[in-house]
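Summary of the model geometry
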Amino acid sequence: WALSDQTSPGSIAISAVEHSATKGAARLWAERGFETHKLPVDSAGQVTLAALEELLDREQPALVSTILANNETGVIQNMEGWADRIHGSGARWHVDAVQAPGKLPFHADRLGADWISISGHKFGSPKGVGALYLRETPKSVGWLDGGGQERGMRGGTENVAGIVGMGHAAEHALAQVQDTQGLEDLAQARNRLEAHVLRALPGSRVHGSESPRVPNTTQLYLPGCPSEILLPLLEAEGLLASAGSACDATHHAPSEVLLAMGVPESEASCSLRLSLPFRPNPGDLDLAAAAIVRASQLLLGHQPH
């Protein structure tokens, strides 16, 4: 919608740590003649306001799309002041908030984005249903023609069962994100798992630990343990993990998110991503940490303790 009013191809901007869905959409617009520019991030995974302002002044994009909470590292972007700056340049702003519901309090109006997208399966609804927040109803044509559904913006019969399921899941997600003690306990549980691994494996570290993170996500660097070898060992122990995005757990190329953060390719290839449930069982976390340490020591040729 932001680009459909353009009389000639212009440019769009996304951050260097976007989900593959956003990158894929950007490639589609590139095929239609639009230039795509990437906002760089620092070693903590943050786009600085200065970097945003510099790109807006230089390229004057029609659309800026950024991720609120990273799906790999869990890093939460500091977006304070972004809305005024983006709108002041004449651009529209889309925020990928898929990782936020149930984990991160945020208010659409306060964020100030033109569009905010969420996906129900990330907070407990059936798969295949999501929602798009619109600050204003667009005047241009809808995303999918062929019917008057969704006020003409997306044709096709609605997935009523999925929508109802997402509504109920959203109620639970809201209660969860209002449970500040529960979120703090989850973050502490994640921190304990990380500490267990860091103590046992010298040289290991947590990607993005310098930034605020959603409490359920961790991405660990395990030196000398290539992800493509480590993952099958962990799966054999009953622990499901990924090297980067959980949407493509079988993809063994180094994470583009980590590379954008300045992580060397050799280190990005030895990284492990885990997600925790809202109320994890402490015993399960101990088993998970022990499995990671045991498999890593096996790869390193050390005798597990």
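Data block above holds the structure.
Here's what I pulled together on the structure shown here. As the structure is a computational prediction, the values presented were derived from the model and not from experiment.

**With respect to the overall build of the protein chain**
- In terms of regular secondary structure, the protein chain is built from ten helices and nine strands.
- Since a compact globule built from 305 residues should have a radius of gyration of about 19 Å, the 20 Å found for the protein chain is in line with a globular shape.
- For the protein chain, the C-alpha atoms occupy an extent of roughly 65 × 45 × 30 Å along the three principal directions.
- Here the protein chain holds 305 residues, and the buried ones make up 47% of them.
- Put simply, of all contacts in the protein chain between residues at least 6 apart along the chain, 65% involve residues at least 24 apart.
- Put simply, the protein chain shows about 15300 Å² of open surface, and 53% of that area lies on carbon and sulfur atoms.
- Here the protein chain holds 23 positive side-chain charges and 34 negative ones, and the gap between their average locations is 2 Å.

**Examining the packing of helix H7 (residues 227-236) against helix H10 (residues 282-300)**
- Between H7 and H10, the least distance of the axes is 10 Å, while the angle of their chain directions is 130 degrees. One finds that H7 runs oblique with respect to H10. In the packing of H7 onto H10, the handedness of the crossing is right-handed. Here H7 contributes Ile229, Leu230, Leu233 and Leu234 to the contact with H10, which in turn contributes Ala291, Ile292, Ala295, Ser296, Leu298 and Leu299.
- Across the contact of H7 with H10, the residue classes break down as nine nonpolar, one polar and no charged.

**A closer look at the packing of helix H6 (residues 180-200) against H10**
- Put simply, H6 and H10 touch, their axes get as near as 9 Å, and they point 25 degrees apart. For the element pair H6 / H10, the angle class is roughly parallel. Our pair here, H6 against H10, has a crossing hand that is right-handed. Where H6 approaches H10, its residues Ala189, Leu193, His196, Val197 and Ala200 are matched on the opposing element by Leu285, Asp286, Ala288, Ala289, Ala290, Ile292, Val293 and Gln297.

**Thoughts on the pattern of salt bridges**
- Inspection of the entire model under this criterion finds eleven salt bridges.
- Residue Arg58 is joined to Glu54 by a salt bridge in which the shortest nitrogen-to-oxygen separation is 2.4 Å. One end of the pair, Arg58, and the other, Glu54, are both in helix H2 (residues 49-59), four residues apart, so they sit about a helical turn from each other.
- Taking the shortest distance from any N to any O, the salt bridge between Arg213 and Glu194 comes out at 2.9 Å. Placement of Arg213 in the loop between strand E7 (205-206) and strand E8 (217-221) and of Glu194 in helix H6 is noted, with a sequence separation of 19 residues between them. Judged on exposure class, the residue Arg213 and its partner Glu194 are both buried.
- Beyond isolated ion pairs, a larger network of salt bridges with shared partners links Glu53, Asp57 and Arg85.

**Some points on helix H1 (residues 20-31)**
- Helix length check: H1, at twelve residues, gives a terminal C-alpha distance of 16 Å against a target of 16 Å (1.5 Å per residue), a fit within 8%.
- Every buried residue belonging to H1 is among Thr22, Lys23 and Ala26, and all of these are buried. Viewed end-on, H1 has its buried residues packed into an arc of 100 degrees, placing them on one side of the element. Exposed residues pointing more than 90 degrees away from the buried face of H1 are listed as Ala21, Arg27 and Glu31.
- The elements touched by buried residues of H1 are strand E1 (11-15), strand E2 (35-39), strand E3 (63-67), strand E4 (92-96) and helix H8 (256-260).

**Here we look at the packing of aromatic side chains**
- Enumeration over the complete set of coordinates arrives at two aromatic pairs.
- Seen from their ring centres, Trp29 and Phe34 are 5.3 Å apart, and the 85 degrees between their planes marks the pair as edge-to-face.
- Seen from their ring centres, Trp82 and Trp93 are 6.0 Å apart, and the 45 degrees between their planes marks the pair as tilted. Residue Trp82 is located in helix H3 (residues 82-88), and its partner Trp93 is located in strand E4; the two are separated by eleven residues in the primary sequence. Per residue, the accessibility class of Trp82 equals that of Trp93, and both read buried.
- In this structure, Arg32 packs its charged tip against the face of Trp29, placed 4.7 Å from the ring centre.

**Digging into the state of the cysteines**
- Taken as a whole and judged by the stated rule, the model has zero disulfides.
- Cys270 supplies the cysteine sulfur nearest to Cys225, a cysteine that is in no disulfide, at a spacing of 6.6 Å.
- The class of Cys225 is buried, set by a relative accessible area of 2%.

Conventions used here
- Numbering of residues starts from 1 in every chain and runs along the sequence as written.
- Totals for whole chains, interfaces and linings use all residues, but because this is a predicted model, local features are given only for residues with pLDDT of at least 70 and pairs of side-chain atoms are given and counted only at 80 or more.
- The basis for every side-chain value is the complete set of non-hydrogen atoms in the structure, without hydrogens or water.
- Strands are runs of DSSP state E lasting at least two residues, helices are runs of H or I lasting at least four, and both sets are numbered from the N terminus onward.
- C-alpha atoms define the radius of gyration, and 2.2 Å times the number of residues to the power 0.38 defines the globule rule.
- Buried residues are those whose accessible area, probed at 1.4 Å on protein chains only, stays under 20% of the maximum for their type, while exposed residues exceed 50% and partly exposed ones sit between those limits.
- Contacts between residues were defined by any pair of non-hydrogen atoms, one from each residue, lying within 4.5 Å.
- Note that accessible areas follow from Shrake-Rupley with a 1.4 Å probe, and for residues the cover is restricted to the protein chains shown.
- The sign given to each residue is positive for Lys and Arg and negative for Asp and Glu; His and the chain ends receive no count.
- By convention, the charge on Lys lies at NZ, on Arg at CZ, on Asp at CG and on Glu at CD.
- To get an axis, fit a line to the C-alpha atoms, keeping to the stretch in contact for a helix; angles then go from 0 to 180 degrees between the N-to-C directions.
- Each angle receives one of four descriptions, namely roughly parallel if under 35 degrees, roughly antiparallel if over 145, roughly perpendicular if within 65 to 115, and oblique otherwise.
- By the definition used in this description, the sense in which the near helix is turned from the far one sets the handedness, with an anticlockwise turn below a right angle giving left-handed and a clockwise turn giving right-handed.
- The nonpolar class holds Ala, Val, Leu, Ile, Met, Phe, Trp, Tyr, Cys and Pro. Asp, Glu, Lys and Arg form the charged class, and all remaining residues, Gly among them, are polar.
- Here a salt bridge means any side-chain nitrogen of Lys or Arg lying within 4 Å of a carboxyl oxygen belonging to Asp or Glu.
- Helix span, expected: 1.5 Å multiplied by one less than the number of residues in the helix.
- Within this analysis, the arc is defined by the directions that extend from the helix axis to the C-beta atoms.
- Aromatic pairing here means that ring centres of Phe, Tyr or Trp (its six-membered ring) are within 6.5 Å. Orientation follows from the plane angle: under 30 degrees is stacked, over 60 is edge-to-face, and everything else is tilted.
- Throughout this description, the term charge over a ring refers to an Arg CZ or Lys NZ atom that lies within 6 Å of the ring centre and within 35 degrees of the ring normal.
- By convention in this document, the label disulfide applies to cysteine sulfur atom pairs within 2.5 Å.

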